[in-house]
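Residues per chain are reported as follows:
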Amino acid sequence: MNEKCWVVVQYPLKSIKGSQRDEWLRDKVTEYLNKYLADAELGYVDGYDLGKTVSDPHQFVLNIFCVVTNEQRGMALIKKVLREHRLDYTRIKMATMPFEGGGTYTLKYASKKGVTDFSL
């Protein structure tokens, strides 16, 4: 796919508010992804949210939303940056959705084997 899309990087949280570590992680992931996506001319971070998942109100997550111009290259770069900068790469899920026209997010990567579900 070579058209603009949303990529969401999702981290599990232990509480709805998150911890100081979760805030630090949010800030660092946003900083690094903005830098590396811009340098590669692949996109930018558009924002984040913290809260309950839609599918299970007892699960809490941090979602970081990126807009990328090339899904495959953008996701590969995001994974590389998170891994190389030790930003809890082993806990993430990543999902994509077309930029225009809406739709639902489709899980494209999960760090844990056997995970097939995704919910914001």
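First, a word on what this report is: a plain description of the structure on this page. Please read these numbers as outputs of a predicted model, since none were measured by experiment. (Residues numbered from 1 in each chain as written. Predicted model: local features only at pLDDT ≥ 70, side-chain atom pairs only at ≥ 80, totals over all residues. Heavy atoms only, no water.)

## Description of the overall build of the chain
The secondary structure content of the chain amounts to two helices and five strands. Across the chain, helices and strands are ordered from the amino to the carboxyl terminus as β-α-β-β-α-β-β. Against the globule reference of 14 Å for 120 residues, the chain gives a C-alpha radius of gyration of 13 Å, in line with a compact fold. With the principal axes as the frame, the chain shows a C-alpha extent of 35 × 30 × 25 Å. A buried classification covers 42% of the 120 residues belonging to the chain. A sequence separation of at least 24 residues applies to 63% of the contacts in the chain between residues at least 6 apart. (Helix = DSSP H or I, 4+ residues; strand = E, 2+ residues; numbered from the N terminus. Rg over C-alpha atoms; globule rule 2.2 N^0.38 Å. Buried < 20%, exposed > 50% of the residue type's maximum accessible area, 1.4 Å probe, protein only. Contact = heavy atoms within 4.5 Å.)

## Concerning the environment of Ser19
Looking at where Ser19 falls in the secondary structure, it is placed in the loop between strand 1 (5–13) and helix 1 (20–39). With 21 residues separating them along the chain, Ser19 and Ala40 place their C-alpha atoms 31 Å apart.

## Considering the pattern of salt bridges
Within the structure shown, the criterion is met by six salt bridges. Among the ionic pairs, Lys28 bridges to Glu31, the shortest N-O distance being 3.3 Å. Linking Lys28 with Glu31, this pair stays in helix 1, spanning three residues, or about one helical turn. On the basis of relative accessible area, Glu31 is assigned to the partly exposed category, the value being 45%. One network of salt bridges, in which partners are shared, links Arg21, Asp88 and Arg91. (Salt bridge = Lys/Arg side-chain N within 4 Å of Asp/Glu carboxyl O.)

## Some points on helix 1
The end-to-end C-alpha distance of helix 1, which contains 20 residues, comes to 29 Å, matching closely the 28 Å that a straight helix rising 1.5 Å per residue would cover. Where helix 1 is concerned, the buried positions are Asp22, Leu25, Arg26, Val29, Leu33 and Leu37. When helix 1 is viewed along its axis, its buried side chains cluster within an angular range of 100 degrees and face the same direction. Facing away from the buried side of helix 1 by over 90 degrees, the exposed positions are Gln20 and Asp39. Where helix 1 is buried, its residues meet strand 1, strand 2 (43–52), strand 3 (60–68) and helix 2 (71–84). Two residues or fewer past helix 1, Glu41 is found with a positive phi of approximately 55 degrees. (Expected span 1.5 Å × (residues − 1). Arc of directions from axis to C-beta.)

## Considering the sheet that holds strand 2
With respect to topology, five strands assemble into an open sheet ordered 2-3-1-4-5, the strand pairing being antiparallel. Either end of the sheet is taken by a strand with one partner, and the two such strands are strand 2 and strand 5 (106–110). Between one strand and the next, the sheet's axes are offset by a mean angle of 25 degrees, whatever the strand orientation. With nine bridges connecting them, strand 2 and strand 3 associate as antiparallel partners. Residue pairing across strands places Leu50 opposite Leu62, the latter belonging to strand 3. Packed on one face of the sheet, helix 1 meets strand 1, strand 2 and strand 3 and runs near 160 degrees to strand 2. With respect to the sheet, helix 2 is in contact with strand 1, strand 3, strand 4 (93–98) and strand 5, its orientation differing from that of strand 1 by roughly 30 degrees. (Pairing = 2+ DSSP bridges. Axes fitted to C-alpha atoms, helices over the stretch in contact; angles between N-to-C directions.)

Honestly, it's all geometry; don't read function into it.
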